[in-house]
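Remarks on the overall topology
Each chain, written out:
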2 protein chains.
Amino acid sequence: MSLTDTSKHSNCSAMSDVLSRIGDKWSVMVVGMLSRNGTLRFNELKRLINGVSQRMLTLTLRNLERDGLVSRTIYPEVPPRVEYSLTEMGKTLQEPINALWDWTAENHHSIIDARDIYDQRQTAVEAAEPRKIAYARGQ
Amino acid sequence: MSLTDTSKHSNCSAMSDVLSRIGDKWSVMVVGMLSRNGTLRFNELKRLINGVSQRMLTLTLRNLERDGLVSRTIYPEVPPRVEYSLTEMGKTLQEPINALWDWTAENHHSIIDARDIYDQRQTAVEAAEPRKIAYARGQ
DNA sequence: CCGTATCCGGGCAGATACTG
DNA sequence: CAGTATCTGCCCGGATACGG
């Protein structure tokens, strides 16, 4: 099945479903970090992923675990040690995510440029014609 | 640059930036529809994309246009006609998105299964040990 | 037909405090 | 160390009404 395969595009809800996880930036970061480093402890992940709160990291890891993408191993020690790594299915996610990562690397500058141009045109229009701005810029 | 390329992983903010657009389900749907059909009018898109509100479609299209991924052509007619299509850059997005789409098709069932198993375990634990549930199931 | 403006309710994320 | 619980604010997205 592919995007261009009109037949049997299931109900798209599958895509939405998965995307809501993939699209979550923390999820992608976690998968990225685990795919590079293999196995990481909670606080290692927290340090590596810039800006994530404890709460969000916990939630993200729980969801990934629930979806069978990340495995969680608790070592009954004091102090506690919990290690995270990708499951086999999680590893297969690397490839499509890598594709996205590469695309980003190649096109991010173009996007930035496109935005600048767009914004300049808009501010020009705005000056000439007050009101008529799409949802007052964002929202 | 790739996920496994530790050097020069820029600041990851680029990835977050692009992901917040890719991760948006409406954006993906729009790109998907345009990549299949080539060119579509506003209401054609609205009909094709199940459940999108007028507001969200407008906002999504504006953002995609601003990022240089979608081009918008207005025909000065009555009633007005506006056509959307992918730009060259937008077309290059097809490939990574397709990869994601394919991955979804292959793994969605496994994810559903994993969730069921996880949830069953959790309800069991819950019964035995009230309290101690990760953020009371979601949030 | 193709939008824009405005109101509004729910959910998501940060901050904080607390445990085994 | 690795979480959990709770409070709070605010952003996002739907619904609605209107306009060129």
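Residues numbered from 1 in each chain as written. Chains lettered and ligands numbered in written order. Predicted model: local features only at pLDDT ≥ 70, side-chain atom pairs only at ≥ 80, totals over all residues. Heavy atoms only, no water.

**Topic: the relation of the copies chain B and chain A**
Between chain B and chain A, which share one sequence, the superposing operator has a rotation angle of 180° and an axial displacement of 0.0 Å; the RMSD is 0.1 Å. Expressed as an axis order, the relation between the two copies is that of a two-fold axis. Across chain B, the rotation axis passes nearest the C-alpha of Gly23 of chain B, at a separation of 1.7 Å. (Least-squares fit on C-alpha atoms with pLDDT ≥ 70 in both.)

**Topic: the pairing of strand 3 (residues 81-86) of chain A**
Residues and elements named next belong to chain A. Taken across its six residues, strand 3 has five buried, putting it largely inside the fold. In the sheet, strand 1 (residues 39-41) pairs with strand 3 via three bridges, with the strands oriented antiparallel. For Thr39, the partnering residue across the bridge sits in strand 3 and is Ser85. Note: strand 2 (residues 70-75) against strand 3, six bridges, orientation antiparallel. Residue Thr73 lies in a different strand from strand 3, and its bridge partner there is Glu83. The hairpin turn running from strand 2 into strand 3, its antiparallel successor, is five residues long. (Buried < 20%, exposed > 50% of the residue type's maximum accessible area, 1.4 Å probe, protein only. Helix = DSSP H or I, 4+ residues; strand = E, 2+ residues; numbered from the N terminus. Pairing = 2+ DSSP bridges.)

**Things to note about the UniProt feature "domain: HTH hxlR-type" (unreviewed entry) in chain A**
The sites that UniProt annotates as "domain: HTH hxlR-type" (unreviewed entry) are residues 12-112 of chain A. With 66% helix and 15% strand, residues 12-112 of chain A has end C-alpha atoms that lie 30 Å from one another. (UniProt positions renumbered as here; feature names shortened; annotations may be inferred.)

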